There are 2 protein chains.
Amino acid sequence: MPNGFSFTSVTNGLPDEESVTAPLLHLRRSASNTTSQIAIVGSNPCPIESLDYEIIENDVFKQDWRSRSTFEILQFLSLKWILCFVIGIVVSLVGFFNNLAIENIAGEKFVITSNMMLANRYLAAFLIFAAANLVLTLFACLITTLIAPEAAGSGIPEVKAYLNGVDAPAIFSFRTLLIKIVGSIAAVSSSLNVGKAGPMVHTGACIAGLASQGGSKKYGLKWRLLRFFNNDRDRRDLVTCGSAAGIAAAFRAPVGGVLFALEEMASWWRSSLLWRAFFTTAVVAVLLRGLTDTCLSGKCGLFGTGGLIMFDVTSVDVTYHLKDVPPVLLLGVIGGIAGSFYNFLLGKVHRLYNLINEKGIAYTIVLACTVSILTSCLLFGLPWFASCRPCPADTSEPCPTIGRSGNYKKFQCHPGHYNDLASLFFNTNDDAIKNLFSKDTDNEFQPTSVLMFFITCFFLSIFSYGIVAPVGIFIPVIVTGASFGRLVGLLIGSNSNLNHGLFAVLGAASLLGGSMRMTVSLCVILLELTNNLLLLPLIMLVLLVSKTVADAFNNNIYDQIMTLKGFPYLETHVEPYMRQLTVGDVVSGPLHVFNGIERVANIVHVLRTTGHNGFPVVNEPPILYGLILRSHLITLLKKKNFYVTPTLTYVDAVEQYSSSDFAKQGYGNAEKIEDMEFTEEEMEMYIDLHPFTNASPYTVVETMSLAKALTLFRGIGLRHLLVVPKTSGRLPVVGILTRHDFMPEHILGLHPMLVRSKWKRLRFRFSHWNRIFS
Amino acid sequence: MPNGFSFTSVTNGLPDEESVTAPLLHLRRSASNTTSQIAIVGSNPCPIESLDYEIIENDVFKQDWRSRSTFEILQFLSLKWILCFVIGIVVSLVGFFNNLAIENIAGEKFVITSNMMLANRYLAAFLIFAAANLVLTLFACLITTLIAPEAAGSGIPEVKAYLNGVDAPAIFSFRTLLIKIVGSIAAVSSSLNVGKAGPMVHTGACIAGLASQGGSKKYGLKWRLLRFFNNDRDRRDLVTCGSAAGIAAAFRAPVGGVLFALEEMASWWRSSLLWRAFFTTAVVAVLLRGLTDTCLSGKCGLFGTGGLIMFDVTSVDVTYHLKDVPPVLLLGVIGGIAGSFYNFLLGKVHRLYNLINEKGIAYTIVLACTVSILTSCLLFGLPWFASCRPCPADTSEPCPTIGRSGNYKKFQCHPGHYNDLASLFFNTNDDAIKNLFSKDTDNEFQPTSVLMFFITCFFLSIFSYGIVAPVGIFIPVIVTGASFGRLVGLLIGSNSNLNHGLFAVLGAASLLGGSMRMTVSLCVILLELTNNLLLLPLIMLVLLVSKTVADAFNNNIYDQIMTLKGFPYLETHVEPYMRQLTVGDVVSGPLHVFNGIERVANIVHVLRTTGHNGFPVVNEPPILYGLILRSHLITLLKKKNFYVTPTLTYVDAVEQYSSSDFAKQGYGNAEKIEDMEFTEEEMEMYIDLHPFTNASPYTVVETMSLAKALTLFRGIGLRHLLVVPKTSGRLPVVGILTRHDFMPEHILGLHPMLVRSKWKRLRFRFSHWNRIFS
């Protein structure tokens, strides 16, 4: 039987171009289900895998499912809830610890420098400030580069890509988690203009990823009970909950966290997942509240006394009328333009930094140090340009604030005076935001100071993001946006009834909308931060306007970073030209097909010579039996249950294998075909692939439009989609579609005439600026 | 060619059982893609259609798409946004008008009766009160029964089913909209314990549905420009936005509205839809705020002076600690049990009412009148059992309240005293909720009064729902839950720090969670109602507990009503037994297949003798060409472009037809095959079906498990799913799956042994109670 038909090269042991294209068979070929090679910042190019959310139906899995007892099903369900609970607990503990550490480290630094300045030792203060920042930055950069380069950056793009089906290596390893937490603390404490929200999302996702694996095999922390979760679907669900918990912990915004996961992160969503994510963030909210309460009595060092971290901006007063709408719309438009410009610049700088970082570790470190020293100089230097202002008489706070928190920093000023720019610069980002958001401070800041702060923040955050350390951009964008809003408020002045704190909130919304392009989730996060629901209509308005304006120029920032990193992210929306192409127009390259009962030599040869992850299995008379995965083939080869003659082995297979043999391996644990040895004798033996083949893969006909196939591929979350011929008398499979076949670059590469067609997306282009900057 | 192969009965003109089951062909048959007959309350059984969200790819549609200019695409996009804007405007105007009308009608009624009671004319007051209620109820019932029976009930189940793909007749007609608005005003004003939130959602969806149709053809209000939206996908998107706007207008909760549409209503969701819905609710929020502001000066009659409608419960004070968690958990558990019991009872009563209503219009009216009189008696009678209490000295409100709004109703009491039960009963639901939610009123209500109110509300709302009028259950559940929470608060008394207003909010959350089973959306709606974000962790906790408890007993209330109405709703979750069955196990019944070029007589015969909505088109040699829809066939037959000999007509077809010829027809406008006449000559002619056949339908192999097929069917939103054979040498299509094939009743009917298997869902059963009640 296995040698009975000769229409594939593979079965003849000669997988070369010639025999595959035998004209008799009109064989379409697919090169695109190969493991693609992409570059990760700061590391060597390494393979990226895509995930499979399809229910794989082969005999072994089916048997395993049938044999599950009601007890095991109940155990599975309750374990999933318990895991969510544990994820919630751990994420909130980590989030709390993060904040505690940052508060104390950064706080201590500011206290020491402020005290030296009180004693007029300005140079020493600067040197200590700069040295502390440099050491912290260097530490964050070194551990990231040397131990876990995957922990660099925000982490949100990686998690988003993972939830879309792109499994970048090691993003959820224990190593990455540890470096992400420690590195983020160091980086944020070092006064770099970077955020901790992004890293917190990655931390949450990482915790969830590790929990679903049952711990880390490498470190001997593996819990057998959690074997049920060693599949892509359950893991994805838990990672979604984890990322929701991350935002919930970063902003103390449980509903915002769920919505963030839903709107920005997740590519597949079910109602039950909504509930699970909500449960996780509820745990985070309750526990965080409890932990913060215990710190109120001052037991946590510098934490909690001033509330440096976690904004409690309950103080914005809201009274607005119809005549306040035009300034708000203006804010939205400018924020949209500024946001898309921000994304554009960040993309350029990130690309440049990647080039530098790739040159070697020395370059990476020099870059980080340069950014740190520049930041220290700006933070310490710029406030000297601001004039000292006398303290207002009617303030409830002490003025000037000696120590760290508060709206009135003394800096170099005489007693009874304060430096408004220092109040913004010489502070953590969280404190700066709180100062900007607070009400009844309309006269506190001078326009020049706020302008200086805005410009500095805008560029500093762009130039800080690309360094190799766990740094986010969410909070820097909030700071920048808040100062932009304040500035607009100051310029409009008495022409509006809105107070400047409210302008700052709206400014933050507009820049966030222009840069992140979320709507509902940002709206809820801002509401939960400011704790004032009456702001809702204005925030909605600003977000809608700024997102609309910014969308006319470019993509959201996380999508841009994903493109830079080379993640094959599958968009939901269908590009118009995809309706012009059929599936047959994009599948290409040699297709490798196995027989139902196949020679070991053939399998080994094909696995060694191609990087494909899925292979059609075809029976005689030429009909499609199903699809078998590379990983399953490797498991089969490892077990070496071969037969001398072609034999059907259904009963044996079901007895000898269980679904856990085929469970997803953690990164780096996967067996490689190159490491396996076979004797001459073994190579001539046979394996019956039937019991291990997914006998009901999803198929599409070759004349289906690419748009329609994408709807299926994206809607179900597939990794392989078999293309079958329209006409008969040919091989029963034409090719395999993978996510790479849907990538615009791939399609436009195959069909270059589409590039300039009217079917491309309607969008303004920065082509002019591109030429200047690149 | 058309007579060249003989494997279907249809092509031979003899579509009887015998020839179809020709053993040679192993033909599997599908009876289930018939138009099912279901009963709608208060109307005759009428056909239900299902919707198609699949991209239909036939030559005519493709040509039409290719010929669209960039201008038309831009026009389409901007029109969709403009429609959302218009929907937002209209929904908020209707919502405002609704509230204004109810306020004034109900308010006037209460003012008149109160004044009579002040003059000690108690009997006259009762008679006027009861008569007014009766007239209003009768009016609502009569217009609903006579003009638009589709407007009866909440409307949420209908809209939810529509968004799932079930197109119940006339639910989005202009008639329905009108009756829904007017009837809802009358019913709520008549002091029935019914809500206006559900009808508001239906109203919003209805407005969106009409807008997407370009108006109502029947009333000559058709706008040609909106022809683009005459398809199921765009219409569904707009209806989703409309239902979000409905909730936003009912509760002034824009974010809650979006989440409600996402969590409860929509079956398909995209990120871009989130944004669109958010835009619509933002419009509602801004406009409603503006409209309410204009009423502040008292220009709107009784509206706005007391704020009878739209809760502004900003007054709940929140301080809580860990020791308050146990009572909150208790509230959640009891609320869950009570909620599931509520659903159970409502289902029973609704079934009983349906039986009564089906007997004729007289029965319907008598039933409504009985409920109205009973309600009047209870509302007027029960407060007499409550003892009068002296007015508290330190209240900020006037006590007793003379007029309508406020916490202290005088009723029969002496001056300086108030009747606490009358303050709840002798009020609109909105006012009762506000009284229960308000803080600093811990001593205002007596436990016996609250208990009486709770029990009465619980049962009254159950017995009021089933009458034939536009009535909702959302607000009655809130009232009942709030009184339940108050009661628990009173019983716990000084053992808890939480004030009783807070207990009322949490009680409302627990009963809502137990009955509606939503989480995030309810949480946000309650937060937006109470305007206090600090409540968040407690509300989350209560909702999670009560939903979990209630889910162990039965389904959510809207799903129950959908089951009662016979809507074939496709669940997201996969029942475990579906993994045990293959697709081949459920397709059954005769399959009708057309040739690519088919005789008119055959088409007419098949259309006349079956109710199927989709037919496979097969070419010779037996290969599947695609799927053609009944509605498209009817359009072809109507045009009568027949050919004497079998001819391929690609060019002609593309020239003669445009996609608008095949646009979806509004309800009742669809041509029927029974009304068409053909001459003997025409019957012998041919049509080339190729250009009109969807040439790339989704297919699954017959060995695929039902669970996996459901994932596809539900994930993409299909109406027909072709099943192809695994082995060759047979007809290239085995059957057609429609949504009916996935219904548990259908599957369990075919495979009765599954009923008692371990693969059924794990859930407690009310089988004992069922026997008592039915």
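Scroll up for the structure.
Let me begin by describing the structure that accompanies this report. Here the structure is a predicted model, which is why all the values come from computation and not from measurement.

All names here are of chain A. Overall, the coordinates contain 24 salt bridges over all chains when judged by the stated rule. Between Asp237 and Arg236 there is a salt bridge, with its nearest N and O atoms 3.6 Å apart. Given a relative accessible area of 2%, Asp237 falls into the buried group. Taken together, the salt bridges that share partners define one network made up of Lys80, Asp234, Arg236 and Asp237.

Residue and element names in this part refer to chain B. By the alternation rule, side chains of strand β13 (residues 721-724) split into Leu721 and Val723 and Leu722 and Val724, which are all buried. Bridge count for strand β12 (residues 699-701) against β13 is 3 bridges, and the pairing is parallel. Counted as the bridge partner of Thr699 is Leu722 from β13. Pairing of β13 with strand β14 (residues 735-737) involves 3 bridges; the strand directions are antiparallel. Paired with Val723 across the strands is Gly735, a residue of β14.

Next up on the list: the sheet that holds strand β9 (residues 614-619) of chain B. To summarise the sheet geometry, strands pair through backbone hydrogen bonds and adopt either a parallel or an antiparallel arrangement. Residues and elements named next belong to chain B. Sheet architecture is open: 3 strands sit in the order β7-β9-β10, paired in mixed fashion. Edge positions in the open sheet fall to β7 (594-595) and β10 (623-629), since each of these has one partner strand only. Pairing geometry for β9 and β10, over 6 bridges, is antiparallel. Looking across to β10, one finds that Phe615 is bridged to Ile628.

Here we take up the state of the cysteines. By the definition in use, this model includes 2 disulfides over all chains. Two residues, Cys388(A) and Cys413(A), share a disulfide whose sulfurs are 2.0 Å apart. Between Cys388(A) and Cys413(A), the disulfide has an S-S torsion of -90° and is therefore left-handed. Residue Cys388(A) is located in the loop between α12 (361-381) and β5 (389-390), and its partner Cys413(A) is located in the loop between β5 and β6 (417-418); the two are separated by 25 residues in the primary sequence. Not part of a disulfide, Cys241(A) finds its nearest cysteine sulfur in Cys84(A), a span of 4.1 Å. Looking at Cys206(B), it has no disulfide partner, and the nearest cysteine sulfur is the one in Cys241(B), 15 Å off.

Reading the values: rules and limits
Residues numbered from 1 in each chain as written. Chains lettered and ligands numbered in written order. Predicted model: local features only at pLDDT ≥ 70, side-chain atom pairs only at ≥ 80, totals over all residues. Heavy atoms only, no water. Salt bridge = Lys/Arg side-chain N within 4 Å of Asp/Glu carboxyl O. Buried < 20%, exposed > 50% of the residue type's maximum accessible area, 1.4 Å probe, protein only. Helix = DSSP H or I, 4+ residues; strand = E, 2+ residues; numbered from the N terminus. Pairing = 2+ DSSP bridges. Disulfide = S-S within 2.5 Å.

As far as function goes, none of this settles anything; it's purely spatial.
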